[in-house]
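Breakdown of the fold
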Amino acid sequence: MSTAAATPELLEREAELEALDAALGAASAGAGRLVLLEGEAGSGKTELLAVARSRGDRAGFRLVTARGSELELDVPFGAALELFGRPLQAADPVERAALFRGAAELAVPLFSAAPASPSDVLPGAPSNFPVVHGLYWLLANLAESSPLLLTVDDAQWVDTSSLRFLLYLTERLDGLPVVLAVALTPEEASTGGRALARLRAAPRARILQLERLSKDATAELVRARYFPDADDGFCRVVFDVSAGNPFLAHEMLRAVDLEGLPATGASAGRIERLAPPSLVRAIWSRMSRLRDEAVAMAEAAAVLGPDAHLRLAAGLAGLDIRTAAKAAGELVAAGVIRPGEPLDFVQRPIASAVYTGIPPARRSDLHGNAARLLGAEELHPDRLAAHLLHSSPAGQPEVIDLLRRAAARAVTVGSPDSAARYLRRALAEPPSPEDRPNLLVELGRLEAQVGDRAAIGHLQRAVKLIDDPGARAEALYEVGRALVTEGSYRDAVETLRRGLEEAGSEPSELRHRLLAALLQAARLQPGSRERGLLRAAEAVAVELAGSGSTPGHDALLAELSFERLLAGRRCEDVRAAARQALATSDPLEEGAGTLPFYDAVAVLTWADDLEEAEESLNRAVTEAERQGRLMTVATACFRRATALYLCGSLSGAVADAQRAVDAAASGWAVYLPGAQGVLALALIEQGQWARAAAVLERGESPPPEPTTLTRAIFLQARSALKLAEGEAGGALDDALAAGQIMVEDLETLTPAIVPWRSMAATAHQELGHTADARRLAGDEVEFARTFGASRALGTSLRVQGLVEGGRRGIGILREAVGVLAGSPARLERARALADLGSALVRAARPDAVDPLRRGLELADACGAAVLVERIEADLKAAGARVPRRMRRSAAALTPTEERVARLVSGGLTNKEVAQKLFVSVRAVEFHLGNVYPKLGIASRRQLASALAPSPTA
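Figured I'd write up the structure that's included with this text. Just so you know, these numbers come straight off a predicted model, no measurement behind them.

As a packed pair, helix 32 (residues 630-647) and helix 33 (residues 650-662) sit with axes 8 Å apart at the nearest point and diverge in direction by 155 degrees. As judged from the angle between their axes, helix 32 and helix 33 are roughly antiparallel. Relative to helix 33, the crossing made by helix 32 is left-handed. Listed contacts from helix 33 to Val633, Ala634, Cys637, Phe638, Arg640, Ala641, Leu644 and Tyr645 of helix 32 are Leu650, Gly652, Ala653, Asp656, Ala657, Arg659 and Ala660.

Turning to a negative patch on the surface, a few remarks are in order. Taken together, the side chains of Glu12, Glu14, Glu18, Asp216 and Glu220 present a region of like negative charge at the surface. For the negative patch, the secondary structure elements donating two or more residues are helix 1 (14-28) and helix 9 (215-225). With respect to the helices, strands and loops of the structure, Glu220 is situated in helix 9.

So, about the environment of Ala27. Considering the arrangement of structural elements, one finds Ala27 in helix 1. The spacing of Ala27 and Leu176 is 149 residues in sequence and 7.1 Å in space, taken between C-alpha atoms. If sequence neighbours within four positions are ignored, Ala27 has contacts with Phe61, Pro177, Val178 and Val179.

It is the rolling of a water-molecule-sized probe over the atoms that shows where space remains empty. Counting across every chain of the model gives four cavities of 30 Å³ or more. Its boundaries defined by the atoms lining it, the second largest cavity holds a volume of some 100 Å³. Lining the second largest cavity are 15 residues, and of these Gly42, Lys45, Thr46, Asp154 and Gln347 lie nearest its centre. Sorting the residues of the lining of the second largest cavity by element identifies helix 2 (45-58) and helix 17 (348-356) as the ones contributing at least two each. For the lining of the second largest cavity, the per-class residue count stands at two nonpolar, six polar and seven charged.

This part is about the packing of helix 1 against helix 2. Interaxial distance between helix 1 and helix 2 falls to 10 Å at its minimum, and their mutual angle equals 40 degrees. For helix 1 against helix 2, the interelement crossing comes out right-handed. Along its contact with helix 1, which presents Glu16, Leu17, Leu20, Asp21 and Leu24, the element helix 2 presents Leu48, Val51, Ala52, Arg55 and Gly56. Of the residues assigned to the contact of helix 1 with helix 2, the class counts are six nonpolar, one polar and three charged.

What counts and what doesn't
- Residues numbered from 1 in each chain as written.
- Predicted model: local features only at pLDDT ≥ 70, side-chain atom pairs only at ≥ 80, totals over all residues.
- Heavy atoms only, no water.
- Axes fitted to C-alpha atoms, helices over the stretch in contact; angles between N-to-C directions.
- Helix = DSSP H or I, 4+ residues; strand = E, 2+ residues; numbered from the N terminus.
- Parallel < 35°, antiparallel > 145°, perpendicular 65-115°, else oblique.
- Left-handed = near helix turned anticlockwise from the far one by under 90°.
- Contact = heavy atoms within 4.5 Å.
- Patch = residues over 30% accessible without salt bridge, like charges linked within 9 Å, V, L, I, M, F, W, Y side chains within 5 Å.
- Areas by Shrake-Rupley, 256 points an atom, 1.4 Å probe, with all protein chains shown as cover.
- Salt bridge = Lys/Arg side-chain N within 4 Å of Asp/Glu carboxyl O.
- Lys, Arg positive; Asp, Glu negative; His and termini not counted.
- Charge placed at Lys NZ, Arg CZ, Asp CG, Glu CD.
- 1 Å grid on protein atoms, 1.4 Å probe; cavity = no way out; pocket = protein on both sides within 12 Å on 5 of 7 lines; lining within 4 Å.
- Points joined across faces, edges and corners; volume = space filled by probe spheres on them.
- Nonpolar A, V, L, I, M, F, W, Y, C, P; charged D, E, K, R; others polar.

Structure (structure tokens):
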């Protein structure tokens, strides 16, 4: 009879152990490493991780470990909670505060108690990016005292939120004293298949494929661990039947041992019956030899998963603690579980065999009992909800309450998809008739936020069940917003109109939100922007004058300011409403307040209040960065890029627009065509035409229907590039297409947003269509005078002056320069001065040099390389000396380099910059290493002066 140990020796794994040792050595020197152990179930991955932990412990590494579980696939950040749970529990209050300093604070909600009331958090569903970002910096803080070894076993069963954290960490391992060792069985990957594929594709990933044991290694296993006198025939049969899989070989050898078979070739027939298809039967055959109490403990451990502590497993098995401890010892002796707590199966296939061997009805009851048992442990509700998802509905109000609290907590950590699953299970419980409509609304709202088409059905069912008109109007508001998200703008308009009717005619917060949402939806559906709707909004605005601020009030004012802009109202009137809306609105508010804030700030941008728009957006970006809200950062950066482009800060515009465009890889899409357009416009001015063309080429996919304002901005940029490259025909087509969106879809004549008539007039002029050019240019001047903003009027006058030419054209250009003299739009002022100077040069006028020099100084300060070269050529043609460039080499910086340089020059440390930009410290060091030689400086102390703008005209 054998004396098999619980953990076998590793055979033929020398290369893998060397790779793990090398990763530990590199991490000790500050170079983080990712090691992926891949192989079929039972190939020895778990044992390799155990050896790695043992060696890491001896080398002074702090050990952080987790294991994926099928039970917790729906638990948001379940594996991350397991990874960091023990280090945080071991930390005293001072150490805990240090671990959560800086951006790590964003992860605090993950480890705090669930919110008391679901209604506190269910209205909004933020991204889980803040928690992911916070976990990264929590890990970085944890690694400051000693290097870290993170081991994650059974990664194919890790929840998607935790996988996203592991991916984020992988991209930033360089420079951290961290080894991330991940074991997975690729063929078992389910919901995390795509994330695991990205993990495998990481540039620094070392992938170790665990091969099956050779015939000689299998024989060594047989003789060294079980049967020293086994003959060659017996060893050969074990190898053939197990196919070299270590776990299968061990299971067969245990069965042979239990049945008392001789270790000779004569046992071949009996051994073949233990082949892999009968593995589950073989495991249960071994289990059947154990006492009932041991089997009950094994079942309890399989159901409880990571929470299978002895006391809890005993409670679920219905045993007292002494009997349970004895039964656990019996399971250890039988090689079913490992020694210690929590009760952990030696191999996952054993856990799966035990779990699937429990009859379904009994398994469902055990999960329900586990939820009740764990409920007394003050665990986070999502740990309990994971069991409830596997239990049968029983109409219990306390179950519904727990699932709603779990949904609320899932929302706080950015997992609305998990929250929706919890609420679907609560709906099946089922709730009382009185509570059912509320639950349907909560579920529908969450489904809408994750793009689930079931949202509208659930919300519409809620509407039918609600008797109270006010509550029905609230539900219709949610249906309308879900329809907008889906792109069903016509249905959204009809639904929101119905909601307005249900809300009644008396002023209310709900009515204001409905009206604001209706204005938004109507802008997206051509022909829906009825004058009566605008009159109603104006009437409400009069009613609200002087009243206190509320989210609905601010949202309505923001949308009204946008409508006034489109209607061509005077810019002073437009700005007033936008400023009032921005006075108290929150750019980070989830739900109704978010998009109206950005609509209002866009209005200020186009109405020439660039300074206030930029200040508002600076605050939005700073706070969004602090909270780690990547999507909000992207939206704010897009709007700020627009303001920076219009005021002539081209490098800043490129940096912000590129950040927004880059965020598309993380799912940001709402304003993507506009961000691509602004990025291309700024790049064109810098002379980076090839890069601008590449940006526009990536945005060439068919536009959504109906077309939107951001598409018009994209077409504006494409027209500008074609004009720059001499393709006047194509430029004209794109300008007219942008005009069709503005006039027909948005019903606006104002040139403040997209000056399509000026663009088309310029293209017509290039093509020799003088009459068409003059007509369009004249129309644009007329509309710009009506609006009254200096930038729009200066732009239209400049183009009209170029189209007219001659003495009259020079006069119009002088007017353009005068109009723009007090405008914050420095780039447009530089263009007007340049065009005036150029016209004077062509007319051989002696006063040409002054506007050219003033225009050159402005263009140089803006970084408008193309305009600078043109002005310099005109100065030479005028016989004037070309002044030395005032801007030296800041324009040579990439957008990311400039962003890093400006943050560092503002006094931030490299770590603080990394937290703001969501990159690693090593990445910041790399960018600074490029910045210094480009600016001709040697240290960060010189950055402020090197980046200081030159004086402007």
